[in-house]
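# Breakdown of the fold
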Amino acid sequence: MAHASTRSLLVNVHTKENISLLSTEAQSPNYRGLLNLGAIILIVANFRLIVENIMKYGFLLQNPSEFIKDYISLPCIISWLGNIFPCSFAYLLEAKLAHKIPQYSTRIIQFLIQCYLLITPLWVISYYKVHFIPAFFLLSYHLIVSLKIYSFGSIMYEARDAYSTKEYLNYPAEFKEVIAKYPNFTNFTHFCYFLFYPTLCFQFHYPRTERIRKTWLFKRSCEWIISNSLMLILIQQYLTPLVKNTIKVLEEENVNYVSLLERQLKLALPFLYLWIIFFYSVFQCQLNVLSEITRFADREFYKEWWNSRTLGEYWKTWNIPVHSWMLRHVYFPMVNKKYGKTFSLFVTFFLSAVAHEYMISGACRILTYWAFIALMSQIPMIVIGDIFKKQLEKSQIGNVIFWVSFCMIGQPIAVTIYAYQAYLSSKT
């Protein structure tokens, strides 16, 4: 047999049915080499952009003193610290006074507290002309505190109502034990912990970890510092000059739309990087650091949003704390009051659109509606995506459409619109 094998006649090359590895019928081929090539191409292409940027603009990064002057705003810090008073009063109102005064009075005072929390930062930003970055984070912080206070007031109100109607007797044991302590449902220590917990939804009990992992906490803290540094580099070295050049194109008497398209394509990539780093900084680093310090155990702050095939999937998986708050305090209460699911979804998305407009327009110190329109216009696309959900689950086309429309088209256009409107507002 060994001698026979040397004869070409007896060597059959094709002995069974085989499938090309790149065909859809192939079972789990190994694409590691192609992924390595893609990574190399990505690194080389981006390194070229870095070199081109430095050659064109030089180093635009600020020294530490200029950074502190531009981005560390004393009015913002005072406004941030000033929330101690409305938060303390909200606790005093709900935990100590609400059972002594009419419920409608409690709701009115709660509404006034919400107005204070949301309007005060707008005044501070407008009066002191605060830079966009600290302004955005100040507005985000005030909005977060406002949502937390609303959740606290809502749960306390329902607990009092359940006690007065004896409905709590039918609740699970963990809730029955708490409500039976009326009016001492909670204490100030638990309320303070809630303000620092990485959640917007108030509960009488939270899952807790046994200890603080110091090494793990140090690693996440370092990642948070590095990611924030990368964001500042992207903003100062790349996005700022690109936005300024885009504004110059828009200022021309006859706008060159080909040049404007080229500006948009240049904006898309660094802004996409900024957005992904922002996600990692906030949802992976900052919220986990807060969780570790407070020993908060439920750390599902996001799901696999990067695999979203529809916009509906994205909004359900991108920001779990906000999504949970919207379901708990807007959508489910409306459905329980016999509003239709479609209308309840519309109102939920409406409030989300208003919140996004509040943060972006407020930080830009302008009064506009583009973010609101952009989010509300997604409702028909979400409905269409739900209709074709089964078809989209069988392919990656939905995910490709999501990335292209949301990140490569929508975000650069939004940045251009708000930057240009803020520029026009600064000239008046």
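The name an unreviewed UniProt entry assigns to the protein chain is O-acyltransferase, from the organism Stentor coeruleus. In UniProt, the protein chain has this text filed under Subcellular location (unreviewed entry): "Endoplasmic reticulum membrane".

### Describing helix H6 (residues 132–164)
Look at H6: 48 Å from first C-alpha to last across 33 residues, which is about the 48 Å you get at 1.5 Å a residue. Directly after H6, the chain includes Lys166, whose backbone phi takes a positive value near 65 degrees.

### Considerations on the UniProt feature "active site" (unreviewed entry) in the protein chain
When the UniProt feature table is mapped onto this chain, "active site" (unreviewed entry) is found at His356. Of note, His356 is situated in helix H13 (residues 341–364). Judged by relative accessible area, which is 24%, His356 ranks as partly exposed. If sequence neighbours within four positions are ignored, His356 has contacts with Trp315 and Leu375. A polar contact of 2.8 Å, which involves the side chain of His356, links it to the backbone oxygen of Ser352.

### A closer look at the nonpolar core
The biggest cluster of nonpolar side chains holds 25 residues, and the ones touching the most others in it are Ile149, Phe152, Phe185, Phe191, Phe194, Phe202 and Phe204. Broken down by secondary-structure element, the contributors of at least two residues to this core are helix H4 (84–97), helix H5 (103–128), H6, helix H7 (173–179) and helix H8 (188–196). Ranked by the residues each element gives to this core, the list is headed by H6, at seven residues. Among the nonpolar cores identified, the runner-up in size contains 21 residues, and Trp275, Val282, Phe283 and Trp305 belong to it.

### Focus: the packing of aromatic side chains
Evaluated as defined, the whole model comprises 48 aromatic pairs. An aromatic cluster of at least three residues, connected via ring pairs, comprises Trp275, Phe279, Phe283, Tyr302, Trp305, Trp306, Tyr314, Trp315, Trp318, Phe349, Phe402 and Trp403. A cation sits over an aromatic face here: Lys148 above Phe194, 4.6 Å from the ring centre.

### Examining the domain arrangement of the protein chain
Under the domain assignment, the protein chain is made up of domain 1 (71–196) and domain 2 (212–427). Each of domain 1 and domain 2 has a C-alpha centre, and these two points are 26 Å apart. If you look at the interface, domain 1 gives 23 residues, while domain 2 gives 17 residues. When the two sides are added together, the surface that domain 1 and domain 2 hide from each other amounts to roughly 1,700 Å², 74% of it contributed by carbon and sulfur. On the surface where domain 1 and domain 2 come into contact, there are zero salt bridges. Along the contact surface separating domain 1 from domain 2 lie five residue pairs in polar contact (both at pLDDT 80 or more). For the side of domain 1 that touches domain 2, the secondary-structure elements that each account for two or more residues are H5 and H6. For the side of domain 1 that touches domain 2, the leading source of residues is H6, giving 13 residues. Split by residue class, the side of domain 1 that touches domain 2 holds 18 nonpolar, four polar and one charged.

### Considering the pattern of salt bridges
Under the counting rule described, the total for this entry stands at eight salt bridges. With its nearest N and O atoms 3.0 Å apart, the salt bridge here joins Arg48 to Glu52. One end of the pair is Arg48 and the other is Glu52, both in helix H1 (residues 32–57) and four residues apart, which spans about a single turn. The class for Arg48 is partly exposed, based on a relative accessible area of 48%. For Glu52, a relative accessible area of 32% gives the class partly exposed. For the salt bridge of Lys266 with Glu262, the shortest nitrogen-to-oxygen distance reads 3.6 Å. Taken together, the residues span about one helical turn, with Lys266 and Glu262 both in helix H10 (residues 257–294) at a distance of four residues. Residue classification places Glu262 among the partly exposed positions, given a relative accessible area of 32%.

What counts and how
Residues numbered from 1 in each chain as written. Predicted model: local features only at pLDDT ≥ 70, side-chain atom pairs only at ≥ 80, totals over all residues. Heavy atoms only, no water. UniProt positions renumbered as here; feature names shortened; annotations may be inferred. Helix = DSSP H or I, 4+ residues; strand = E, 2+ residues; numbered from the N terminus. Expected span 1.5 Å × (residues − 1). Buried < 20%, exposed > 50% of the residue type's maximum accessible area, 1.4 Å probe, protein only. Contact = heavy atoms within 4.5 Å. Polar contact = N/O pair within 3.5 Å; in protein donor to acceptor, adjacent residues only side chain to side chain. Core = buried A, V, L, I, M, F, W, Y, C linked by side-chain atoms within 4.5 Å. Phe/Tyr/Trp six-rings, centres within 6.5 Å; stacked < 30°, edge-to-face > 60°. Lys NZ or Arg CZ within 6 Å of the ring centre and 35° of its normal. Domains from an automatic or database assignment. Buried area = accessible area lost by both parts, 1.4 Å probe. Salt bridge = Lys/Arg side-chain N within 4 Å of Asp/Glu carboxyl O. Nonpolar A, V, L, I, M, F, W, Y, C, P; charged D, E, K, R; others polar.

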